[in-house]
Amino acid sequence: MLKLSLRVLIVDDHALLAESVARFLQANSIEAAWCADPGQALQRMREEDWSVVLLDLSMPDGNGLDLLKRIKLVKPGLPVLILSMHPEQQFALRALRNGAAGYLTKGCSPEIVIEAIRKVARGGRYLTAVVADQLAIHLDDGDSTETPHLRLSDREMQVFMRLAQGSSVNGIAEELHISGKTVSTHKTRLMAKLGLDKDADLVRYAMHQGLIT
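Residues numbered from 1 in each chain as written. Predicted model: local features only at pLDDT ≥ 70, side-chain atom pairs only at ≥ 80, totals over all residues. Heavy atoms only, no water.

**What to know about the overall build of the protein chain**
The secondary structure content of the protein chain amounts to 10 helices and five strands. A compact globule built from 213 residues should have a C-alpha radius of gyration of about 17 Å, and the protein chain, at 18 Å, falls within 12% of that. With respect to the principal axes defined by its C-alpha atoms, the protein chain has extents near 65 × 35 × 30 Å. Residues counted as buried form 47% of the 213 residues belonging to the protein chain. Here the contacts in the protein chain between residues at least 6 apart in sequence split such that 64% fall between residues at least 24 apart. Taken as a whole, the protein chain presents about 10600 Å² of accessible surface, with 52% of it coming from carbon and sulfur. When the 25 positive and 26 negative side-chain charges of the protein chain are each reduced to one mean point, those points stand 3 Å apart. (Helix = DSSP H or I, 4+ residues; strand = E, 2+ residues; numbered from the N terminus. Rg over C-alpha atoms; globule rule 2.2 N^0.38 Å. Buried < 20%, exposed > 50% of the residue type's maximum accessible area, 1.4 Å probe, protein only. Contact = heavy atoms within 4.5 Å. Areas by Shrake-Rupley, 256 points an atom, 1.4 Å probe, with all protein chains shown as cover. Lys, Arg positive; Asp, Glu negative; His and termini not counted. Charge placed at Lys NZ, Arg CZ, Asp CG, Glu CD.)

**Details of the packing of aromatic side chains**
One pair of aromatic rings is described through two measures. These are the centre distance and the angle between the planes. The tally for this structure, following the rule as stated, stands at one aromatic pair. Their ring planes at 70° and their centres at 6.0 Å tell us that F160 and Y205 sit as a pair that is edge-to-face. One end of the pair, F160, is in helix α7 (residues 154–164); the other, Y205, is in helix α10 (residues 199–208), and 45 residues separate them in sequence. This pair shows no difference in class: F160 is buried, exactly as Y205 is. Sitting over the ring of W50, R7 keeps its end group 4.0 Å from the ring centre. (Phe/Tyr/Trp six-rings, centres within 6.5 Å; stacked < 30°, edge-to-face > 60°. Lys NZ or Arg CZ within 6 Å of the ring centre and 35° of its normal.)

**A look at the side chain of H149**
Within the secondary structure, H149 is located in the loop between α6 (129–138) and α7. Excluding anything up to four places from it in sequence, H149 contacts Q89, R94, M157, L194, Y205, Q209 and L211.

**A word on the nonpolar core**
Among the nonpolar cores identified, the biggest contains 46 residues, and V11, M45, L55, F160 and L190 are the most heavily contacted of them. If you tally residues by element for this core, the top one is α7, at six residues. Other than its neighbours up to four places away in sequence, F160 contacts L152, L190, L194, L202, Y205, A206 and L211. Listed in part, the 21 residues of the second largest apolar core include I114, I117, V120 and Y126. (Core = buried A, V, L, I, M, F, W, Y, C linked by side-chain atoms within 4.5 Å.)

**Examining the packing of helix α8 (residues 169–176) against helix α9 (residues 180–194)**
Where α8 contacts α9, the two axes come as close as 8 Å, and the packing angle between them is 110°. Taken together, α8 and α9 sit at an angle that is classed as roughly perpendicular. When you trace α8 past α9, the crossing you get is right-handed. Note on element contacts: α9 touches α8 through G180, V183 and S184, opposite V169, I172 and A173. (Axes fitted to C-alpha atoms, helices over the stretch in contact; angles between N-to-C directions. Parallel < 35°, antiparallel > 145°, perpendicular 65-115°, else oblique. Left-handed = near helix turned anticlockwise from the far one by under 90°.)

**Notes on the pattern of salt bridges**
Should the charged atoms of two oppositely charged side chains come close, the side chains can pair. A full pass over the atoms with the stated rule returns 12 salt bridges. The salt bridge involving R94 is made with D154; its shortest N-O contact spans 3.2 Å. Of this pair, R94 sits in helix α4 (residues 88–97) while D154 sits in helix α7; the two residues are 60 residues apart in sequence, bridging distant segments of the chain. Accessibility classification places R94 together with D154 in one group, the buried group. Residues joined in a network through salt bridges with shared partners are R7, E31, R44 and E48. (Salt bridge = Lys/Arg side-chain N within 4 Å of Asp/Glu carboxyl O.)

**Observations concerning the sheet that holds strand β1 (residues 6–11)**
One open sheet holds the five strands; their spatial order is β2-β1-β3-β4-β5, and the pairing between them is parallel. The open sheet has two edge strands, β2 (30–35) and β5 (102–105), and neither has a second partner. Taken over all neighbouring pairs, the strand axes of this sheet differ in orientation by 20° on average, direction set aside. Of the strand pairs in this sheet, β1 and strand β3 (residues 52–55) are connected by four bridges, and their pairing is parallel. Its bridge partner being in β3, I10 is matched across the sheet by L54. (Pairing = 2+ DSSP bridges.)

**Some points on the pairing of β5**
Alternating positions in β5 separate into two faces, G102 and L104 on one and Y103 and T105 on the other, with burial throughout. Sheet analysis places strand β4 (residues 80–84) next to β5, joined by four bridges and oriented parallel. Bridge pairing links I82 to Y103 in β5. Between the parallel elements β4 and β5, the chain passes through α4 in a crossover that is right-handed. (Right-handed = clockwise from strand over helix to strand, strands pointing away.)

Right under this line is the structure:
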């Protein structure tokens, strides 16, 4: 039997999508398996050899960026390619800063996924035109003054995006598995960092920056 040269571990809690991606990869001579549970995924990374991890940021605990950080601690040299429902404007730069080798949205073509996997497996980075433009603009830390949300912590950004999309403090607390008091603290800090006073200002800011439609 021909041994496949690439092995991809898909970490995504959406079973139908993960299985579809796995079948497509296998049809293109790339061995693939998937995990919905972050703990199980980390264990498989420790115990097995993988060429690339294909990671969704919307994990059950609400924090795929934290899982990305844990992966880079467990396997620093293992390329992680993000495949997310979130537009590049929301989390691409954060993912790259936390060690991701590339960032794709789930609206991209299957052929792009194959191309990206092969590139990051060779040690490269895969950047879409949107992400490349973002990197060019913000390469100098001084440029981040033009986009204050880049100064938010990862958790603050998660709370910010959920608030902008209309979630309540209690709803965010339940989704992220943290207390309502903690969410309120994050909200106070992120509003100060963004120079905003009201929830309506927060929504307008997110729309102006292209973070929500």
